[in-house]
Amino acid sequence: MASQTHISLDFQTCVFKKEKVSLAGHHEYIVRGGRDLFKLLPDAFKGIKQIGVIGWGSQGPAQAQNLRDSLADAKSNIIVKVGLRTGSPSFAEARAAGFSEENGTLGDMWETISGSDLVLLLISDAAQADNHEKIFSHMKPNSILGLSHGFLLGHLQSMGLDFPKNISVIAVCPKAMGPSVRRLYVQGKEINGAGINSSFGVHQDFDGRATDVALGWSVALGSPFTFVTTLEQEYKSDIFGERGILLGAVHGIVESLFRRYAENGMNEDLAYKNTVECITGIISKTISTKGILAVYNSLSEEGKGEFELAYSASYYPCMDILYECYEDVASGSEIRSVVLAGQRFYEKDGLPAFPMGKIDQTRMWKVGERVRKARPSGDLGPLYPFTAGVYVALMMAQIEILRKKGHSYSEIINESVIEAVDSLNPFMHARGVSFMVDNCSTTARLGSRKWAPRFDYILTQQALVAMDNGTPINQDLLSNFLSDPVHGAIEVCAQMRPTVDISVPPDADFVRPELRQSGN
């Protein structure tokens, strides 16, 4: 795999303080957040009278509420208005969150787009692909299009198209699903700076305001720190990441390991604890607070031996699938796959509709329900060395793919480490991996269903077979893991981490309204 040049991006802001940080020898620039910066939001949003939040899926509820609350704190008269399609079941939930037609903060999506100076397009990726021409036609000249995912850019590129030239195009991409963005923001009302990190990018700056608007948006969401990227780098890392360690790959490896442990005579409840609970609990907590190396260093000598065996056997098989996945995303084929899948949710060409089914009724996930029901409050599960070795191998392989593909360390660490252990895994610990696979964004759910079996099969057919056949441990691989510069970069990022851990209740609900309505 040929290495690409490491991206080092700079930006200029007239409102916020820019800081330089050194990550693994590379200089990068960030903006720290905090509630004490809300007073700067009117300056950052100069010229904006209405922010339209379009959609009420994963990100919409969190971003609309966080922006509204932050602007109220800043005593700004900027209106945050939620725009939904006619007849959407989400109107009731938006009203319950305090938005209403009566006070002009809730309405039809097309009217909201036409009346907004900053349009945050938070509908599903497939819906963006299907409706982008109409969306662009409704936007005011010199308005700003805000994205929380670079998918639309990837789709436009694959079609040989581009954004209109009379608007600005920016992105603020929280490194978490929407419920985490809101949950940590609410916790941050008591602990300044609590939140989830975001990347930001300016793709098109029509009148010179784009950078400060993007940074203001990120600060208003509660981001502890905001790092710079490009829309292209963001969608490549994000779509790839959710198919990798954020969801698809972790789904695949726990299925493979649960099956192996149970087949080798382990009690099913213990097999579940030693796979899912181990990853979503103690491993995630350890990485979040102490770094990846701390997982290995906390093991006994015997445990380290099991970890090394699993790491050595799993690293290259995981990298094999991750490499293929990244190139499918970068080439546009994975984006096209998502768009086509969205069209198959409905009847067409005389063929029936094929909406996504659920995975949570198989035996493993029913065992998980039983385990969680009996789990003591605060229990993080056992640290099982073999599972730890496989999971850390997957994480390090993903880090290496992104590094070789030229992504910044800020993006690599947030996409491969922080988003996993500080956002998604805590929710999986509360409700199970299957609940996440069945209820997160459409693009992520599609990706997990497509790629999880690939990780499952390659571990079962190659990694575990190689280990059983006595393949020697690759000592160079282990040495590289122990000395990898990413560990130092993670330490720097950890110092910017808020002091609060995300608190997820066992009944945490992050089902999108349309999924609740349809039962699918």
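Residues numbered from 1 in each chain as written. Predicted model: local features only at pLDDT ≥ 70, side-chain atom pairs only at ≥ 80, totals over all residues. Heavy atoms only, no water.

Draft legend 1. Looking closely at the packing of aromatic side chains. Counting across every chain of the model gives 15 aromatic pairs. With centroids separated by 6.4 Å and ring planes inclined at 50 degrees, the aromatic side chains of Phe225 and Phe227 adopt a geometry described as tilted. Under the relative-accessibility criterion, Phe225 is labelled buried at 1%. The class for Phe227 is buried, based on a relative accessible area of 0%. The rings of Tyr296, Phe307, Tyr311, Tyr315, Tyr316 and Phe481 are connected pair by pair, giving a single aromatic cluster. Taking NZ or CZ as reference, Lys18 lies 4.8 Å from the ring centre of Tyr29, over its face. Positioned above the aromatic ring of Phe99 is the side chain of Arg68, whose terminal nitrogen or guanidinium carbon lies 4.6 Å from the ring centre. (Phe/Tyr/Trp six-rings, centres within 6.5 Å; stacked < 30°, edge-to-face > 60°. Buried < 20%, exposed > 50% of the residue type's maximum accessible area, 1.4 Å probe, protein only. Lys NZ or Arg CZ within 6 Å of the ring centre and 35° of its normal.)

Draft legend 2. Local environment of the nonpolar core. Of all hydrophobic cores here, the largest spans 121 residues; its most connected members are Ile292, Tyr311 and Tyr391. A per-element tally of this core places helix H16 (residues 385–404) first, with 13 residues. Counting only domains with at least three residues in this core, you end up with domain 1 (18–228) and domain 2 (241–461). Apart from residues no more than four positions distant in its own chain, Tyr391 is found in contact with Ile245, Val250, Ile253, Ile279, Ile283, Ile287, Ala420 and Asn425. The next biggest cluster of nonpolar side chains, apart from the first, holds 42 residues, and it includes Phe16, Leu67, Leu118 and Leu122. (Core = buried A, V, L, I, M, F, W, Y, C linked by side-chain atoms within 4.5 Å. Helix = DSSP H or I, 4+ residues; strand = E, 2+ residues; numbered from the N terminus. Domains from an automatic or database assignment. Contact = heavy atoms within 4.5 Å.)

Draft legend 3. Structural detail: the pattern of salt bridges. Per the counting criterion, the structure on display carries 27 salt bridges. Its salt-bridge partner being Lys175, residue Glu234 comes within 3.7 Å of it at the nearest N-O pair. Taken as a pair, Glu234 in helix H9 (residues 231–243) and Lys175 in the loop between strand E8 (168–174) and helix H7 (178–187) lie far apart in primary sequence, 59 residues in all. For the pair shown, Glu234 and Lys175 are each scored as buried. Connected through shared salt-bridge partners, Glu242, Arg243, Glu334 and Lys450 make up one network. (Salt bridge = Lys/Arg side-chain N within 4 Å of Asp/Glu carboxyl O.)

Draft legend 4. Looking closely at the UniProt feature "binding site: substrate" (unreviewed entry) in the protein chain. Sequence positions flagged by UniProt for "binding site: substrate" (unreviewed entry) are, in local numbering, Ser300 and Ser441. The greatest C-alpha distance among the residues just named is 39.2 Å, and with 142 residues of sequence between them they are spread in space as well. With respect to the helices and strands, the residue Ser300 is situated in the loop between helix H12 (292–297) and helix H13 (301–331). For Ser300, a relative accessible area of 47% corresponds to the partly exposed category. Its location among the elements puts Ser441 in the loop between helix H18 (433–439) and helix H19 (442–468). Relative accessible area serves as the criterion here: at 26%, Ser441 is assigned to the partly exposed category. (UniProt positions renumbered as here; feature names shortened; annotations may be inferred.)

Draft legend 5. Looking closely at the UniProt feature "domain: KARI C-terminal knotted" (unreviewed entry) in the protein chain. Residues annotated in UniProt with the feature "domain: KARI C-terminal knotted" (unreviewed entry) correspond here to residues 230–378 and 379–515. Across residues 230–378, the secondary structure splits into 75% helix and 0% strand, with the terminal C-alpha atoms separated by 39 Å.

Draft legend 6. The sheet that holds strand E2 (residues 26–32), seen in detail. Reading across from one edge, E1-E2-E10-E9-E8-E7-E6-E3-E4-E5 is the order of the 10 strands in this open sheet, with mixed pairing throughout. What marks the edges here is a single partner per strand, and that holds for strand E1 (19–23) and strand E5 (106–108). Within this sheet the neighbouring strands show an average axis-to-axis angle of 30 degrees, counted without direction. Looking at chain direction, strand E4 (residues 79–84) and E5 are connected through 3 bridges and run parallel. For Leu84, the partnering residue across the bridge sits in E5 and is Asp108. (Pairing = 2+ DSSP bridges. Axes fitted to C-alpha atoms, helices over the stretch in contact; angles between N-to-C directions.)

Draft legend 7. Here's a closer look at unusual backbone geometry. At Asn142, a residue that is not glycine, the phi angle is positive and equals roughly 70 degrees. Mapped onto the fold, Asn142 is located in the loop between helix H5 (125–138) and strand E7 (144–147). Its identity as a non-glycine residue notwithstanding, Asp349 has a phi of 55 degrees, on the positive side. With respect to the helices and strands, the residue Asp349 is situated in the loop between helix H14 (333–343) and helix H15 (363–374).

Draft legend 8. Examining the domain arrangement of the protein chain more closely. For the protein chain, the domain assignment lists domain 1 (18–228) and domain 2 (241–461). Taking the mean C-alpha position of each, domain 1 and domain 2 sit 28 Å from one another. Between domain 1 and domain 2, the residue contacts involve 19 residues of the former and 18 residues of the latter. Note on domain 1 versus domain 2: buried area summed over both sides is about 1,800 Å², and carbon and sulfur give 66% of it. Interface area lost by domain 1 to domain 2 is led by Phe151, Lys175 and Met177, which between them contribute 28%. For the interface between domain 1 and domain 2, the tally reads 1 salt bridge. A salt bridge links Glu415 to Lys175; its shortest N-O distance comes to 3.1 Å. Joining domain 1 to domain 2, the criterion identifies 6 residue pairs in polar contact (both at pLDDT 80 or more). (Buried area = accessible area lost by both parts, 1.4 Å probe. Polar contact = N/O pair within 3.5 Å; in protein donor to acceptor, adjacent residues only side chain to side chain.)

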